[in-house]
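Notes for the structure review
So the chains spell out like this:
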Amino acid sequence: MLTNSLRTGPDERGRFGLYGGRFVAETLMPCILELEAAYEEAKRDPAFQAELESWFSDYVGRPSPLYFAERLTAELGGAKIYLKRDELNHTGAHKINNCIGQILLARRMGKKRIIAETGAGQHGVATATVCARFNMECVVYMGERDIERQQPNVFRMRLLGAEVRSVCSGSRTLKDAMNEALRDWVTNVATTYYLIGSVAGPHPYPAMVRDFQSVIGRETKAQILEKEGRLPDVLIAAVGGGSNAMGLFHPFLDDSSVRLIAVEAAGEGLDTGLHAAALLRGRPGILHGARSYLLQDEDGQVIEPHSISAGLDYPGIGPEHAWLKDIGRMEVTAATDREALEAFQLLARLEGILPALEPAHALAAAIRLAPTLPKDALMVVNLCGRGDKDIYTVARHLGVRL
Amino acid sequence: MTTRIERRFAELRAQNRAGLITFLVAGDPDIPVFEQLLEGLPAAGADLIEVGMPFSDPMADGPVIQAANLRALQAGITLARTLEIVRRFRERDAATPIVLMGYYNPIWAYGRLRFLDDAIDAGVDGLIVVDLPPEEDEELCLPALERGLDFIRLATPTTDDRRLPQVLKNVRGFLYYVSLTGVTGVKDAIAEAVAPQLDRIRRHTNLPIAVGFGIKTNEQAAAIARIADAVVVGSALVGEVAAHLDERGEARRELVPAVHAKVAALARAVREARR
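Attention in this report is confined to the structure presented alongside it. (Residues numbered from 1 in each chain as written. Chains lettered and ligands numbered in written order. Predicted model: local features only at pLDDT ≥ 70, side-chain atom pairs only at ≥ 80, totals over all residues. Heavy atoms only, no water.)

Focus: the packing of helix α14 (residues 337-351) of chain A against helix α15 (residues 357-369) of chain A
Any two packed helices are characterised by how steeply their axes cross, that is the angle between the axes, and by the distance between the axes. Residues and elements named next belong to chain A. Counted only if it meets this: Geometry is summarised by axes, namely lines fitted to C-alpha atoms with helices restricted to the contacting stretch, and by angles between N-to-C directions that run from 0 to 180 degrees. Helix and strand labels come from DSSP, where a helix needs a run of H or I of at least four residues and a strand needs a run of E of at least two; each type is numbered from the N terminus. Angles below 35 degrees are treated as roughly parallel, those above 145 as roughly antiparallel, those between 65 and 115 as roughly perpendicular, and all remaining angles as oblique. It only takes one pair of heavy atoms within 4.5 Å for two residues to be counted as in contact. We call Asp, Glu, Lys and Arg charged. Ala, Val, Leu, Ile, Met, Phe, Trp, Tyr, Cys and Pro are nonpolar, and the rest, Gly among them, are polar.
Interaxial distance between α14 and α15 falls to 8 Å at its minimum, and their mutual angle equals 90 degrees. One finds that α14 runs roughly perpendicular with respect to α15. Counting all contacts with α14, which are made through E339, A340, L341, A343, F344, L346 and L347, the residues of α15 involved are L357, A360, H361, L363, A364, I367 and R368. Of the residues assigned to the contact of α14 with α15, the class counts are 11 nonpolar, one polar and two charged.

Right, dumping it as structure tokens:
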């Protein structure tokens, strides 16, 4: 056994160093232990893994391509930029990877009712999709504000047969949707499976969601080795809760030559108070079942985040990210709303790809970094979602009426 | 040495009756009105007092207590001010146990060990922290017990016989049985469903058992008082606070007497339940 590996976490208490854990009400605790046991068993079951692989290839459309962005690379004049095209997955984002994994687990556990929270609506759509396919009841909690700015996804979820419940408490965004989903779970715990969409929440969710998303990093590693014959120098991914980043990074954690860069949403600017940069501007705290970096005031009250991207508009971050930041394995930077909008437009014009506003933040960081690197440096940006859902938001910010 | 909570439950046993535990949120609807509410609770008939420590994201609470948390935060309540309020109460009342109830993050942000010391110093008798199950006992429960502060745990309908010993292991003071699966103040507690659960739990512990969640009416309180050692009423009282706010959200003159009258009615129901 490799004892100095960074890939062995979490420990048996669900901790990554100080972070993670199981900070939930007693009502949920037996259910979380049951989930942990069911997942451990499934993880070791070759039949489960084979089934997962088969759904990945035939339903999700994996592997997603690793695409050399030639014109973007030429425009920036530095590192060679590859895009991991998880936006080409069925439903248009990386979220489906995790949803397939968890719905197979829910079915294995005999659950019939699925609940989920969603911000941008991508996780809600992916959850509604697998619930339709696996014939399960689906309730998606979504903040009232996110419902306003992600109308196309709300309609998609309803077409897929899900009930979308509007959440009017707090900031009416992702955090409040998650509060409401937890309230539903505590009320309907016997029948209900909570399909969390990010590497957040109580143990075992951060590890389980990471495992299902790690297909992104495993494919990337094989693809770059095939195309370039070596590992990349830099991996860049946007982080809200952090699932696409953890999926890309995790298979590379022990490859110390590979820089891992997480990009947070700087909103209107890191020093304006209007951002969602938990790692850069938060401090450790406990929310939604885990300890991690959290945007909070002096008294431990959660501060409402801000980002143009509904998927990054969350005051916390996955616990494994917090640990990777503290031990110095992962670098953290941020991109503003404006930078993300510029990156969105640049990729559209140069590569013919409309990225979601979430990966547009990762692209913005890549656009800053690439010119400073030599031309033989290899960079992979996780293009974790497509931008169709965001055209109304982008149009509004560009002063265009659709 | 006995604690205030032990002494209070001993008195209740001697009187062959259940106790009434009232829950209000610290600083709701504002700090001065809350202090008047708190001060009058023992005379109105509260045997033990639970004080909610407001949090921006109260995941285990229904809409009534969520709204109270927000009102209190808007009124400027902090954990430090909550402790000051308890300290002032304690100067006037040495007998009524006070239990603080809330979520872990404000305590963590305050500094968990400093919080325990300051809470004891202020005259707090016990803590209920909703999001600290036994799996996380090292965080706060064990340091609290070392310092002599009771840690009151929740047991729920999902806590089965296999898990109960773990839940009971580090409880001191009393056990809080959550009558239903759900958040506070939404569904109704049903005494017939609770009774066999209490019998089951009593096979594992001699601790007093308080029952809460979903107890709103005098009749419900009386029914639970026949089978439990104490009855917790929260959302119904917090709802009474909300019902006496004017259009600007400020307390009407009749708010404090109305809440105390409701407590008095519940206390009568609880006291007469076993006669």
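And the narrative resumes.
Describing the packing of helix α2 (residues 31-44) of chain B against helix α4 (residues 79-92) of chain B
Residues and elements named next belong to chain B. Quick reminder of the rule: Helix crossings fall into two classes, left-handed where the near helix is turned counterclockwise from the far one by less than a right angle and right-handed where it is turned clockwise.
Between α2 and α4, the shortest axis-to-axis distance is 11 Å and the interhelical angle comes to 35 degrees. When you trace α2 past α4, the crossing you get is right-handed. Facing I31, F34, E35, L38, E39 and P42 of α2, the residues of α4 in contact are R81, I85, R88, F89 and R92. Of the residues assigned to the contact of α2 with α4, the class counts are six nonpolar, no polar and five charged.

A few points about the packing of aromatic side chains
As a reminder of what qualifies: Any two rings among Phe, Tyr and Trp, with Trp reduced to its six-membered ring, count as a pair given centres within 6.5 Å; such a pair is stacked if its planes are under 30 degrees apart, edge-to-face if over 60, and tilted if neither. Remark: exposure states derive from per-residue accessible area (1.4 Å probe, protein chains only) relative to the maximum for the residue type, with buried under 20%, exposed over 50%, and partly exposed in between. Two conditions define a charge located above a ring, namely a distance within 6 Å from the ring centre to NZ of Lys or CZ of Arg, and an angle within 35 degrees of the ring normal.
Within this structure, the stated rule accounts for 16 aromatic pairs over all chains. Centre to centre, the rings of F23(A) and Y104(B) are 5.8 Å apart; their planes meet at 20 degrees, and the pair counts as stacked. With one member in each of two chains, F23(A) in strand β2 (residues 19-23) and Y104(B) in helix α5 (residues 104-110) form a pair that bridges those chains. The two residues F23(A) and Y104(B) agree in class, both being buried. Cluster of aromatic residues (ring-pair linked, three or more members): F23(A), Y104(B) and W108(B). Over the face of the ring belonging to Y67(A) we find R85(A), whose NZ or CZ atom lies 5.5 Å from the ring centre. Its guanidinium or amino end placed over the ring of W108(B), R291(A) lies 4.2 Å from that ring's centre, counting from NZ or CZ.

Focus on the sheet that holds strand β4 (residues 80-84) of chain A
All names here are of chain A. Defined as follows: By definition, two strands form a pair when at least two bridges between them are found by DSSP.
Ordered in space as β3-β4-β14-β9-β10-β13, the six strands form an open sheet in which the pairing is mixed. Both outer strands of the open sheet, β3 (66-68) and β13 (330-336), are each paired with one neighbouring strand and no more. Each strand of the sheet is rotated relative to its neighbour by a mean of 25 degrees, with strand direction disregarded. α14 rests against β3, β4, β10 (259-267) and β13 of the sheet, and its axis sits at about 90 degrees to β13.

These results come straight from atomic positions and should not be treated as a statement about function.
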